Amino acid sequence: MTEDKKCPYCGEVNRALHLDETDGRFVCSRCGKVVETKVQARKAELKSEKASENV
């Protein structure tokens, strides 16, 4: 299964990524930085939880 993911560094949309084969990592086609989607998703989840606690 392929996915499209946006680079958090430069905003480029990277298309047709096989993230299950790379354990959630990809190299951005524009800036060349390694993006770890599992780490990014966990950070967003923690930020959301923290915001909910402060309400």
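Now for a quick tour of the structure.

What counts as what
- Residues numbered from 1 in each chain as written.
- Predicted model: local features only at pLDDT ≥ 70, side-chain atom pairs only at ≥ 80, totals over all residues.
- Heavy atoms only, no water.
- Helix = DSSP H or I, 4+ residues; strand = E, 2+ residues; numbered from the N terminus.
- Rg over C-alpha atoms; globule rule 2.2 N^0.38 Å.
- Buried < 20%, exposed > 50% of the residue type's maximum accessible area, 1.4 Å probe, protein only.
- Contact = heavy atoms within 4.5 Å.
- Areas by Shrake-Rupley, 256 points an atom, 1.4 Å probe, with all protein chains shown as cover.
- Lys, Arg positive; Asp, Glu negative; His and termini not counted.
- Charge placed at Lys NZ, Arg CZ, Asp CG, Glu CD.
- Core = buried A, V, L, I, M, F, W, Y, C linked by side-chain atoms within 4.5 Å.
- Pairing = 2+ DSSP bridges.

1. Digging into the overall build of the chain
Right, so step 1: Across its full length, the chain holds one helix and four strands.
Right, so step 2: The N-to-C order of helical and strand elements in the chain reads β-β-β-β-α.
Right, so step 3: Taken over C-alpha atoms, the radius of gyration comes to 13 Å for the chain, far larger than the 10 Å a tight globule of 55 residues would show.
Right, so step 4: Taken along the three principal axes of its C-alpha coordinates, the chain extends 40 × 25 × 15 Å.
Right, so step 5: Evaluated residue by residue, the chain yields a buried proportion of 16% over its 55 residues.
Right, so step 6: Nonlocal contacts in the chain, meaning residues at least 24 apart in sequence, comprise 14% of its contacts between residues at least 6 apart.
Right, so step 7: A total accessible area of about 4400 Å² is found for the chain, and carbon and sulfur atoms account for 50% of it.
Right, so step 8: Distance between charge centroids for the chain: 8 Å, based on 11 positive and 10 negative side chains.

2. Details of the nonpolar core
Soluble, globular proteins show a tendency: their nonpolar side chains are buried together.
Right, so step 1: The biggest cluster of nonpolar side chains holds six residues, and these are C7, L17, L19, F26, C28 and V35.
Right, so step 2: The contacts of C7, once residues within four sequence positions are left out, are E12, N14, C28, C31 and V35.

3. Some remarks on the pairing of strand β2 (residues 13-17)
Right, so step 1: Where strand β1 (residues 3-6) lies against β2, three bridges are found, and the strand directions are antiparallel. The residue bridging K6 from the neighbouring strand is V13, located in β2.
Right, so step 2: A loop of six residues connects β1 with β2, the two strands running antiparallel in sequence, and G11 in this loop sits at a positive phi of about 90°.

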